[in-house]
Amino acid sequence: MATEAEFNPKGQEDHIDKLAFSAVAAPNPDSTAGSASLQPHELRDLDHYAPKGEPATRKEVYSYYTYYAGNNGIGSFQYSNLLFQNLIYQAGFNPNVTPLGSSTCDIDPNAPCHVFWNGGTKSYTSVILIATGLTFLGQALVFIGVGSLADFGNWNPWVVRGFSVLCWAFEFGFLGVTTAAKWRIAMALFILSSITFWASYVFFNAIFPKLSHDLPEVREAQAQLLSGTIDEAEYQRKCSMARSKIMNISYGWNNVGFTICGALSLAALAGIGADESTEKNNWGYSVAVAVCTGFWIILAIPWFLWEKKRPGPKLPKGDNYLTFGFKQTWFAAKQVWTLKQTFFYLVAFFLLADGIGTTITLVSIAQTQVVLFSATQNTYLIMVQGGSAVVGVFGAYFIQKMFGFRTKTMLQASNFGCLLVALWGMIGIWTTKVGFHNLWEFWFFNAQYGFTMGAQFSYGQAFMAELVPRGREYMFFSLLGIVSKGSAWIGPIVSSAIVDHNGNQWTAFPFVAALIFVPWVGIFFISEAKSRKECAAYLAREAVDLRKASTPEIDYDTKDPESI
């Protein structure tokens, strides 16, 4: 393989130093000429895709897993949401009884439950869905403004660190929110903590493709490809398995942390005596958020200390960090027909994540009603969910590794399971015997969670890594974050309108089932092979049109996508 000293053409520093390895033709395994048989532009791409610096160490990989275990969302996403739901329900009243506010919702659980809202009243379920939609809107603005910048320069580690610290501050703020009168403050803290939590989560998640390609086994596979020992198809298979390995193991540890955090919270709730009164139950939720925040802080420290620098290219001359993120996102948006497979998946994932996320919200609302907003009962169910996710994610990766299933196959299997969950909830429109009306159904939902929602999340991310231009992980995973979290407001807002119109929260399930079904069908038509060709062409255009770098003419259209 040519070394950097041996081959460093003019303008190379501004060229596509992250050009997708899969964009070039692999050496003929039977060729004895090795790299000498390659064309100049192929040699250049192969040489400069070869990673620089040391490979990922075991210590760094394990610290990645520990941060994931701490950043598990049980405080940021579960307890903060449950506390908000708990307080707004306590502040609610039956709108059919006058004077308004005189009859609390717990007097007749089957009657409508409203809160004062914008000069009138509104269903408390609708307000929760609106708050969820606002968090998604806030996340979209953050992801667009910050996401692509993390691919440039040396400051990308501070993106995760900055949003982590902000989230910790907001989460500790819940310690002062323990009464129904403060439900609006709880709503604000829920929105802010959710935005910063998902920002830290999405940007941290964007690291895994780079980390997986720095694994020793991938470095070895790259050397084997360059020497002609293996062909391109085998190399891509090893890369795909490396990405699945990092994503599934990290998400598995995420749920180990989720379960441990639930156990710590349960101990705190028992010490407080959360089941003894409403006031102690409220305080228990606040303490649980703080306990999980402290757990996250401790497990984040190793990654902050041992993360290796993986700097991106320099920001183009004449651009600045305040505007370049939007500029590059706009450039990527204009390349829709260049990156057809990638953007088709983003559209599919937009609908899919919207449907699955809204399904989880609807089930959560029904669950908290059935367990009478008990922090202890919710914690039991949360722990079951975490344990299920550990078994489901690790089990899915074991099956994939044993039988050699494609990442896409595993994703579609889990997507189908999510569809079944939504269809089950739809049955609850016509009967209370099943359809998330009974306690046993929530035990079953949380027990199967890891095999459907859990596996779907990890493989949804892993499949995205198959479709991303190499070196632009932060920007494209930010776009994924936008479609999966930041712009997934359609489901909650439309579901809110459906609930308001029908007066039955289960009537939203047919809508979310459709949101899952349509993209599930569409994903079958996405080709990873075609995507590799499209990503290479995108990076070449970016170098010339956006970063004004010189690049050799490469006739990407002459390559057969099935051969790369």
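Criteria and thresholds
Residues numbered from 1 in each chain as written. Predicted model: local features only at pLDDT ≥ 70, side-chain atom pairs only at ≥ 80, totals over all residues. Heavy atoms only, no water. Helix = DSSP H or I, 4+ residues; strand = E, 2+ residues; numbered from the N terminus. Buried < 20%, exposed > 50% of the residue type's maximum accessible area, 1.4 Å probe, protein only. Contact = heavy atoms within 4.5 Å. Areas by Shrake-Rupley, 256 points an atom, 1.4 Å probe, with all protein chains shown as cover. Axes fitted to C-alpha atoms, helices over the stretch in contact; angles between N-to-C directions. Parallel < 35°, antiparallel > 145°, perpendicular 65-115°, else oblique. Left-handed = near helix turned anticlockwise from the far one by under 90°. Nonpolar A, V, L, I, M, F, W, Y, C, P; charged D, E, K, R; others polar. pLDDT = per-residue confidence, 0-100. Core = buried A, V, L, I, M, F, W, Y, C linked by side-chain atoms within 4.5 Å. Pairing = 2+ DSSP bridges. Salt bridge = Lys/Arg side-chain N within 4 Å of Asp/Glu carboxyl O. Expected span 1.5 Å × (residues − 1). Phe/Tyr/Trp six-rings, centres within 6.5 Å; stacked < 30°, edge-to-face > 60°. Lys NZ or Arg CZ within 6 Å of the ring centre and 35° of its normal. Patch = residues over 30% accessible without salt bridge, like charges linked within 9 Å, V, L, I, M, F, W, Y side chains within 5 Å.

Caption draft 1: Spatial organisation of the overall build of the chain. The helix and strand inventory of the chain stands at 20 helices and 2 strands. Considering the chain as a whole, with its 564 residues, one finds that 61% of them fall into the buried category. Pairs at least 24 apart in sequence give 82% of the contacts found in the chain among residues at least 6 apart. For the chain, the exposed surface amounts to about 22,100 Å²; the carbon and sulfur share of it is 64%.

Caption draft 2: The arrangement of the packing of helix α12 (residues 340–370) against helix α14 (residues 407–427) in detail. For the pair α12 and α14, the least separation of the axes is 10 Å and the interaxial angle reads 40°. Considering the angle they form, α12 stands oblique to α14. With respect to the hand of their crossing, α12 and α14 are arranged in left-handed fashion. Where α12 abuts α14, its residues Tyr345, Leu352, Ile356 and Thr359 lie against Leu411, Asn415, Cys418, Val421 and Ala422. Split into classes, the residues belonging to the contact of α12 with α14 amount to 7 nonpolar, 2 polar and no charged.

Caption draft 3: Expanded view of the confidence of the model for the chain. Of the residues in the chain, 81% have a pLDDT of 70 or more, and the chain-wide mean is 80. Contacts for the low-pLDDT stretch residues 1–49, under 50 throughout, to residues beyond four places or in other chains number 98 contacts. In the predicted structure, residues 549–564 sits below a pLDDT of 50 and forms 38 contacts with residues beyond four places in sequence or in another chain.

Caption draft 4: Quick peek at the nonpolar core. Tyr64, Tyr79, Phe84, Tyr124 and Tyr345 are the most contacted members of the largest nonpolar core, which has 138 residues in total. Ranked by residue count, the leading element in this core is helix α6 (residues 183–205), at 14 residues.

Caption draft 5: Just the pairing of strand β1 (residues 114–117), in detail. Sheet topology places β1 next to strand β2 (residues 120–123); 4 bridges connect them, and they run antiparallel. The residue of β2 that forms the bridge with Phe116 is Thr121. What sits between β1 and β2 in their antiparallel hairpin is a turn of 2 residues, with Asn118 showing a positive phi close to 55°.

Caption draft 6: Main features of the environment of Ile260. With respect to the secondary-structure elements, Ile260 resides in helix α9 (residues 232–272). Along the primary structure Ile260 and Cys292 are separated by 32 residues, whereas in three dimensions their C-alpha atoms are 9.5 Å apart.

Caption draft 7: Spotlight on the pattern of salt bridges. Tallied over the entire structure, the rule returns 8 salt bridges. For Glu466, the salt bridge identified is with Arg243, shortest N-O distance 3.2 Å. One end of the pair, Glu466, is in the loop between α16 (453–465) and α17 (473–486); the other, Arg243, is in helix α9, and 223 residues separate them in sequence. Summarising the burial analysis for this pair, Glu466 and Arg243 share the class buried. A salt bridge links Glu528 to Arg406; its shortest N-O distance comes to 2.7 Å. Here Glu528 is found in helix α20 (residues 528–546), whereas its partner Arg406 is found in the loop between α13 (375–403) and α14, with 122 residues between them in sequence. Residue classification places Glu528 among the buried positions, given a relative accessible area of 12%.

Caption draft 8: Broad picture of α9. The terminal C-alpha atoms of α9 lie 59 Å apart, and with 41 residues this matches the ideal 60 Å at 1.5 Å per residue to within 8%. Positive phi shows up at Gly273, right after α9, with a value of about 80°.

Caption draft 9: Summary view of helix α3 (residues 74–91). The terminal C-alpha atoms of α3, which comprises 18 residues, lie 24 Å apart, in line with the 26 Å expected from a rise of 1.5 Å per residue. Counting buried residues along α3, 15 of its 18 residues qualify, which places the element largely inside the surrounding structure.

Caption draft 10: Summary view of the packing of aromatic side chains. All chains considered together, the criterion is met by 33 aromatic pairs. Relative to Trp296, the ring of Phe197 has its centre 6.1 Å away and its plane inclined at 85°; by these criteria the two rings are edge-to-face. A residue pair is termed long-range when its members are at least 10 positions apart, and Phe197 in helix α6 and Trp296 in helix α10 (residues 278–306) qualify at 99 residues. A relative accessible area of 2% means that Phe197 is categorised as buried. Its end group placed over the ring of Trp158, Arg161 keeps NZ or CZ at 4.6 Å from the ring centre.

Caption draft 11: Spatial organisation of a nonpolar patch on the surface. Among the surface-exposed residues, Phe344, Phe517, Val518, Val521, Phe524 and Phe525 lie close enough to one another that they form a single nonpolar patch of about 600 Å² accessible area. Residue placement: Phe525 occurs in the loop between α19 (509–523) and α20.

Caption draft 12: Fine view of the side chain of Gln448. With respect to the helices, strands and loops of the structure, Gln448 is situated in helix α15 (residues 439–448). In this structure Gln448 comes out as buried when scored by relative accessible area, which is 14%.

Caption draft 13: Representation of the packing of α9 against α10 within the structure. For the pair α9 and α10, interaxial distance at closest approach is 9 Å and the crossing angle is 140°. Overall, the two elements α9 and α10 adopt an arrangement that is oblique. Every pair of crossing elements has a handedness; the one defined by α9 and α10 is right-handed. Contacts between α9 and α10 pair Gly257, Ile260, Cys261, Leu264, Ser265, Ala268, Leu269 and Ile272 from the former with Lys280, Trp283, Gly284, Tyr285, Val287, Ala288, Val291, Cys292 and Phe295 from the latter. Taken together, the residues of the contact of α9 with α10 break down into 13 nonpolar, 3 polar and 1 charged.

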